[in-house]
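# Architecture and fold: a report
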Amino acid sequence: MVTQAGPSRARPLWVVCALVVLAVSMIAALLGGAADISPWQVVLQVVDWLPLVHVDSGLAPVEQGLLYELRLPRVLVAAVVGGLLAMAGAGYQGVFRNPLADPYLLGAAAGAGLAATAAIVLLPSVAGSIPVAAFLGAVGGVFLAYTLGNTAGRAGGTATLVLAGVAVTSFLTAIQTFVQQFKVEELQRIYSWILGDVGGGWDQFWLVLPYAAVSAVLLLLHGRMLDVLSVGDEEATSLGVPAARVRLMVLLAASLATAAAVAVSGLIGFVGIVVPHVVRRIAGGSYRIVLPLSLIGGAAFLVLADLVARTVIAPAELPIGVVTMFVGAPFFVAVLRMTRRAST
Amino acid sequence: MISAHGLSVRLGERDVLDGVSFEVRQGEWVGVIGPNGAGKSTLLKALMGLVAHRGEILLGSRPSRELKPRQRARLLAYAPQTPALPPDMTVFDYALLGRTPYIPYLGRESRHDREVTGSVLERLDLTALAGRRVGELSGGERQRVVLARALAQEAPALLLDEPTTALDLGHQQQVLELVDRLRRTDGLTVVTTLHDLTVAGLYADSLLLLTGGRAAAAGEPARVLTEELVGRHFDAHVKIEPGPDGRPVVHLVRGGP
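If you're wondering where the values come from, they're calculated on a predicted model, not measured in any experiment.

Each helix and strand counted, chain B has nine helices and twelve strands in total. Relative to the globule expectation of 18 Å for 257 residues, the C-alpha radius of gyration of chain B, 19 Å, shows essentially globular dimensions. Dimensions along the principal axes, computed over C-alpha positions, put chain B at roughly 55 × 40 × 35 Å. With 257 residues in all, chain B has 54% of them scored as buried. Excluding contacts between residues fewer than 6 apart, the proportion of contacts in chain B whose partners are at least 24 apart in sequence is 64%. About 11300 Å² of surface is accessible on chain B, with carbon and sulfur atoms providing 49% of the total. Here chain B contributes 31 positive and 31 negative side-chain charges, whose respective centroids are spaced 5 Å apart.

Assigned secondary structure in chain A consists of 14 helices and zero strands. Taking 344 residues into account, the globule formula puts the C-alpha radius of gyration at 20 Å, and chain A, at 21 Å, falls close to it. Once the C-alpha set of chain A is aligned to its principal axes, its extents read approximately 70 × 65 × 40 Å. Within chain A, the fraction of its 344 residues that count as buried is 53%. Restricting the contact set of chain A to residue pairs at least 6 apart, pairs at least 24 apart contribute 73%. Approximately 14900 Å² of chain A is accessible, and the part contributed by carbon and sulfur atoms is 73%. Averaging the locations of the 18 positively and 16 negatively charged side chains of chain A gives two centres separated by 15 Å.

On to the confidence of the model for chain A, then. For chain A, mean pLDDT is 84; residues scoring 70 or higher make up 92% of the total. In the model, residues 1-7 of chain A has pLDDT below 50 throughout and makes 17 contacts with residues more than four positions away in sequence or in other chains.

Attention shifts here to the interface of chain B and chain A. How big an interface is tends to be stated in terms of accessible area lost as the parts join. Taken together, the contact pairs 44 residues of chain B with 37 residues of chain A. In terms of surface lost to chain A, no three residues of chain B exceed B:Tyr105, B:Leu106 and B:Arg114, which account for 22% of the buried area on that side. Linking chain B with chain A are three salt bridges. Here B:Glu109 makes a salt bridge to A:Arg288, at a shortest N to O gap of 2.7 Å. Here chain B is connected to chain A by eleven residue pairs in polar contact (both at pLDDT 80 or more). Those elements giving two or more residues to the side of chain B that touches chain A turn out to be helix 1 (40-48), helix 2 (69-75), strand 6 (76-79), helix 3 (91-96) and helix 4 (111-123) of chain B. Broken down by element, the side of chain B that touches chain A gets its largest block of residues, six residues, from helix 4 of chain B.

Glancing now at empty space enclosed by the protein. According to the stated counting rule, one finds two cavities of 30 Å³ or more in the structure shown. In this model, the largest cavity occupies a volume close to 70 Å³. Sorting the residues of the lining of the largest cavity by element identifies helix 9 (223-229) of chain A together with helix 3 of chain B as the ones contributing at least two each. Split by residue class, the lining of the largest cavity holds three nonpolar, two polar and five charged. One number sums up the size of the second largest cavity: a volume of about 30 Å³. For the second largest cavity, the full set of lining residues is B:Ala79, B:Pro80, B:Gln143, B:Leu147, B:Leu160, B:Asp161 and B:Pro163. Going through the elements one at a time, helix 5 (139-152) and strand 7 (157-161) of chain B are the ones with two or more residues in the lining of the second largest cavity.

One finds A:Leu84, A:Phe96, A:Trp193 and B:Tyr94 to be the most contacted residues of the largest nonpolar core, which totals 164 residues. For this core, the element with the highest residue contribution is helix 3 (residues 61-96) of chain A, accounting for 17 residues. Residue contacts for B:Tyr94: discarding those within four places in its chain leaves A:Val231, A:Glu235, B:Pro83, B:Ala84, B:Leu85, B:Pro86, B:Met89, B:Val134, B:Val145, B:Val146 and B:Arg149. Counting 28 residues, the second-largest nonpolar core is a separate cluster that includes B:Val24, B:Val30, B:Leu43 and B:Val51.

Our focus in this paragraph is the sheet that holds strand 5 (residues 62-63) of chain B. Residue and element names in this part refer to chain B. Across the sheet, which stays open at both edges, the four strands sit in the order 2-1-4-5 with antiparallel pairing between neighbours. Edge positions in the sheet fall to strand 2 (14-24) and strand 5, since each of these pairs with one other strand and no more. Judged from the two bridges that link them, strand 4 (residues 54-59) and strand 5 form a sheet pairing that is antiparallel. Across the sheet, residue Leu58 finds its bridge partner in strand 5, namely Pro63.

Turning our eyes to something else, we now look at the pairing of strand 6 of chain B. Residue and element names in this part refer to chain B. Burial of the side chains of strand 6 extends over both faces: Leu76 and Tyr78 are buried on one face and Ala77 and Ala79 on the other. In this sheet, strand 7 lies alongside strand 6 in parallel orientation, the contact comprising four bridges. Among the inter-strand pairings, Leu76 is bridged to a residue of strand 7, identified as Ala157.

Let us look at the sheet that holds strand 3 (residues 29-33) of chain B. All names here are of chain B. The mixed open sheet is built from six strands, whose spatial order is 6-7-8-3-9-10. In this open sheet, the two edge strands, each paired with only one partner strand, are strand 6 and strand 10 (214-219). Taking the axes of each pair of neighbouring strands and ignoring which way they run, one obtains an average angle of 15° across the sheet. Strand direction decides the pairing type here: strand 3 and strand 8 (residues 189-193), joined by four bridges, are parallel. Counted as the bridge partner of Trp29 is Val190 from strand 8.

Scoring rules and cut-offs
- Residues numbered from 1 in each chain as written.
- Chains lettered and ligands numbered in written order.
- Predicted model: local features only at pLDDT ≥ 70, side-chain atom pairs only at ≥ 80, totals over all residues.
- Heavy atoms only, no water.
- Helix = DSSP H or I, 4+ residues; strand = E, 2+ residues; numbered from the N terminus.
- Rg over C-alpha atoms; globule rule 2.2 N^0.38 Å.
- Buried < 20%, exposed > 50% of the residue type's maximum accessible area, 1.4 Å probe, protein only.
- Contact = heavy atoms within 4.5 Å.
- Areas by Shrake-Rupley, 256 points an atom, 1.4 Å probe, with all protein chains shown as cover.
- Lys, Arg positive; Asp, Glu negative; His and termini not counted.
- Charge placed at Lys NZ, Arg CZ, Asp CG, Glu CD.
- pLDDT = per-residue confidence, 0-100.
- Buried area = accessible area lost by both parts, 1.4 Å probe.
- Salt bridge = Lys/Arg side-chain N within 4 Å of Asp/Glu carboxyl O.
- Polar contact = N/O pair within 3.5 Å; in protein donor to acceptor, adjacent residues only side chain to side chain.
- 1 Å grid on protein atoms, 1.4 Å probe; cavity = no way out; pocket = protein on both sides within 12 Å on 5 of 7 lines; lining within 4 Å.
- Points joined across faces, edges and corners; volume = space filled by probe spheres on them.
- Nonpolar A, V, L, I, M, F, W, Y, C, P; charged D, E, K, R; others polar.
- Core = buried A, V, L, I, M, F, W, Y, C linked by side-chain atoms within 4.5 Å.
- Pairing = 2+ DSSP bridges.
- Axes fitted to C-alpha atoms, helices over the stretch in contact; angles between N-to-C directions.

Following this line, the structure appears as structure tokens:
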């Protein structure tokens, strides 16, 4: 029957495919750099880590330690951060109905950059101050942009909100540049933070996880509402949906995701914009599929980007943000060309 | 079914609607006509509760302002003049949006919602297109898809803002005939704005002529579409004759005004 074979019935299949891609990426990333560990041993080892399962992977304790203490948290942080950024990007694109919206649109990046710079310059000896400062800065930047946008324009409107984001970003970036001039010797630390890092170990992972969980659940729940918003505020209202409230909820959740990601890993660019678009090209434009696939796809993308970052000039490392942009941009163009549609 | 008393809308410094009263009976097709900027679209938006307004609107016997947006959306379905069609969404998913007033805020659609959507697509000959992306459709198909979304809402009244703009002659006829057929089979009440006066006179049971935010005339097409009224309010030189079925046909006269 037609009604039951509706097009959106293919969704679980896409999610399964994406999860397989993510799993393969994570295994590959766990392997990366160690020539004498076989993929099969890594798989066995991963199974062994699962609760209540015991398998002998044949790995020496040193190798197990390397995997568990260094590689595994790194892969997990990359996955969580990538997933958050991609999903937040999709959320922002839905709220603003603008394909160029990214997680940093409302001043989250500039706020975090300023606060992290201030922490590096003013509190150099306080351990763990950077993520806290970056988180507060990101939240503050978004809050500033949102308040400004709503007082300058029609409440709940999108155009002035974007402009407010641009203004806040410029303003905060100017202050950040000003502050960093006081401590030129910290420039390298500041820039390496800005370009992103996912190598902070288990602490970094546990720090980001609760925020990740809350924002992911909130965003995934709003998929259908974002579909309704995509027909415009007036039509959404005519369907009985409180457009301004939905927008606020999604902005809150996406901003929380962005702030959490920025706090643990700095400003990693391009994930939030490239992943949702690739997903849309492949699996269609409904946010009910775009959000979950962006979460999984963003995770896989950043895990692989990190793998490249730490292997391509080993033993040195590239900043992961450089890789996401360097690899992401051509990849994006390739996907756009491959999936070019007859009418656009 | 719908009645408005003293409906006024002020946008900025301008009175877009000023004390308009009218009545739409159940199963009736009312055409709203008038020159550009007369307030036709605003009238539909005010009925739908999309713009702040004064005056009273009754839907059935209940005042519209007492209804929650979701309740109102179950009584009135609205399609704007240029609907925003998310290009990557499939036809089925787009039509399914019409079920929104029946789905809990963060919930998901039921089997019944999917069945209603499927049968609406079938009625509008859209089943074959269900999996296509909305951005790939032709103008006539788009208009049918928008109509499908409105019908999936299962509201007893349809408010359509210029449903035939940007359609060629044949597709205009196709869409209007479709609305007419649905109206007859389902007893739907229809309010449309229409800029083509002859078309408005052909399909509507009664017309409401708006100028400068006020109701200038209302009633049967033959009483509203007169050379005198049209000439005055549209600032046009026209000749109006009864067509084959007795309904008025409006011709432009070359050389005037």
